[in-house]
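One letter stands for each residue in the lines below.
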Amino acid sequence: MSHSENELAELGAAFDANVAQEKKIEPKDWMPEAYRKTLVRQISQHAHSEIIGMQPEGNWISRAPTLRRKVGLLAKVQDEAGHGLYLYSAAETLGTSRDQMDADLLSGKAKYSSIFNYPTPTWADIGAIGWLIDGAAITNQIPICRCSYGPYARAMIRICKEESFHQRQGFEMMNTLCRGTAEQKRMAQDALNRWWWPSVMMFGPPDGASQHSDQNMAWRIKRFSNDELRQRYIDMTVRQADFLGLDIPDTDLKWNEESGHYDIGEIDWDEFWKVVKGDGPCNRQRLAHRTKAHDDGAWVREAAVAYSDKQRAKQRQHAA
Ligand code: FAQ
């Protein structure tokens, strides 16, 4: 339905007032097109990250060192699939389709988190992903539980509960390695050395270079800037590394009495943008794997559609 200029101004003012009063915006409410568009962008990127994020860990399911570790890892990877599904559903409420989101991911048009383009050569990487990547994910995502868009905020509540459990199990895994043999401790340190900087980059470009932050903070999609969340993660994680007896791979890291935060060295933003633009260590492998899984799953989608068509035909017969 098209609106006159006056009507649009009134709808816009009512929308702004609802956001300011912390009322949730729901799928049938009027919303500015740019709000809808940025939410589809962020939520679908988030969903794709969960789905692609299954790959680095999935790599270790068949090689987990004990039955207990295998069960834990299987459950974690399944949780990530679930997160992807709630998030795709949340994005669908904004008028996009799952087919469109899949097509955008597979064509390389839609982004997913840079972090999942790094390899997992050792078992310690699985501990590091839980500890660092889930740790960074919950730091970023807890504020999204208060996002102005209702379906995204509600999906995030459950996701955050599961991610914090993932973070605990990753930390416990690192703690076991750090209290084990010298070789296990060396593996844990090596994993931290490789994952530290990519995890710091996960929060996105620095505030001056973030395109979407200002508007999305005004719309209460985001509550804190990329740098604020990054600092929160650094302060939390440096102390945890200390507890584990591991060294953060940054010779410039130091406590700043004045700010009450840790200062870190220079972030390699060239590396970040290279990975975001598709040229990281595993970008091609991740997309090729996802494309094959999508193609292999075509018969499941066809069967599901055929089944639902049959059910609908039955219901129509009953109703007649
Ligand atoms: N990777 O203007 P901003 C997880 C892009 S889930 C790739 O600052 P924004 C669970 C950005 O899209 C991890 N691209 O953007 C798990 C934009 O490009 P566009 C995912 C990035 O949206 C754990 C451009 O740069 N979490 O880990 C990245 O305001 C373990 C300019 O940036 C979420 O998605 C990046 N790191 O802020 C699974 C949380 N950063 O779209 C398995 C929700 C930025 O205009 C194992 N998302 N870009 O083409 C967010 O909070 C935000 O979208 C940010 C980026 C903070 C990621």
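Up top is the structure.
Positions within a chain are numbered from 1, following the residues in the order the chain's sequence is written. Reporting of local features is limited, given that this is a predicted model, to residues whose pLDDT is at least 70; pairs of side-chain atoms are given and counted only at 80 or more, and all residues count toward the totals for whole chains, interfaces and linings. Only hydrogens and water are set aside when side-chain values are computed; all heavy atoms of the structure are taken into account.

1. What about the side chain of Asp134?
Here Asp134 shows up in helix H6 (residues 124-141). Under the rule applied, a polar contact is a pair of N or O atoms within 3.5 Å (in protein, one hydrogen donor and one hydrogen acceptor; residues adjacent in sequence only if both atoms are side-chain atoms). A polar atom in the side chain of Asp134 sits 2.8 Å from the side chain of Lys76. By the convention used here, residues are in contact when the closest approach between their heavy atoms is within 4.5 Å. Apart from residues no more than four positions distant in its own chain, Asp134 is found in contact with Lys76, Ile129, Glu163, His166 and Gln167. Every helix listed is a DSSP run of H or I at least four residues long, and every strand listed is a run of E at least two residues long, numbered separately from the N terminus.

2. What to know about the site of the ligand
The near set for a molecule or strand comprises every residue that places at least one heavy atom within 4 Å of it. Contacts to the ligand come from 35 residues, most closely from Gln45, Lys111, Ser210, His212 and Lys222. Residue Gln45 places a side-chain N or O atom 2.7 Å away from an oxygen atom belonging to the ligand. Exposure was quantified through the Shrake-Rupley algorithm and a 1.4 Å probe, taking into account, for residues, occlusion by the shown protein chains and nothing else. Considered on its own, the ligand offers 1,100 Å² of accessible surface; in the complex 94% of this is hidden by protein. Looking at the shell around the ligand, the elements with two or more residues in it are helix H2 (33-52), helix H4 (67-92), H6, helix H7 (150-178) and helix H11 (269-276). Broken down by element, the residue count for the shell around the ligand peaks at six residues, all from H2. Classification convention: Asp, Glu, Lys, Arg as charged; Ala, Val, Leu, Ile, Met, Phe, Trp, Tyr, Cys, Pro as nonpolar; all other residues, Gly among them, as polar. The residue inventory of the shell around the ligand, partitioned by class, reads twelve nonpolar, 14 polar and nine charged.

3. Brief notes about the packing of aromatic side chains
Between 30 and 60 degrees the pair is tilted, below 30 it is stacked and above 60 it is edge-to-face, where a pair is any two Phe, Tyr or Trp rings, Trp via its six-membered ring, whose centres lie within 6.5 Å. One pass over the full model with this rule turns up twelve aromatic pairs. Centroid distance Tyr35 to Trp219: 5.5 Å. Interplanar angle 90 degrees. Geometry classified as edge-to-face. Of this pair, Tyr35 sits in helix H2 while Trp219 sits in the loop between helix H9 (213-218) and helix H10 (226-244), and the two are 184 residues apart along the sequence. Per residue, the accessibility class of Tyr35 equals that of Trp219, and both read buried. Aromatic side chains Phe171 and Phe243 sit 6.0 Å apart centroid to centroid with 35 degrees between the ring planes, which places their arrangement in the tilted category. Placement of Phe171 in helix H7 and of Phe243 in helix H10 is noted, with a sequence separation of 72 residues between them. Each residue's exposure class comes from its accessible area (1.4 Å probe, protein chains only) as a fraction of the maximum for that residue type: buried when under 20%, exposed when over 50%, partly exposed otherwise. When its relative accessible area of 53% is taken as the criterion, Phe243 is described as exposed. Put simply, the rings of Phe15, Trp30, Tyr35 and Trp219 touch in pairs and so form one group of aromatic residues.

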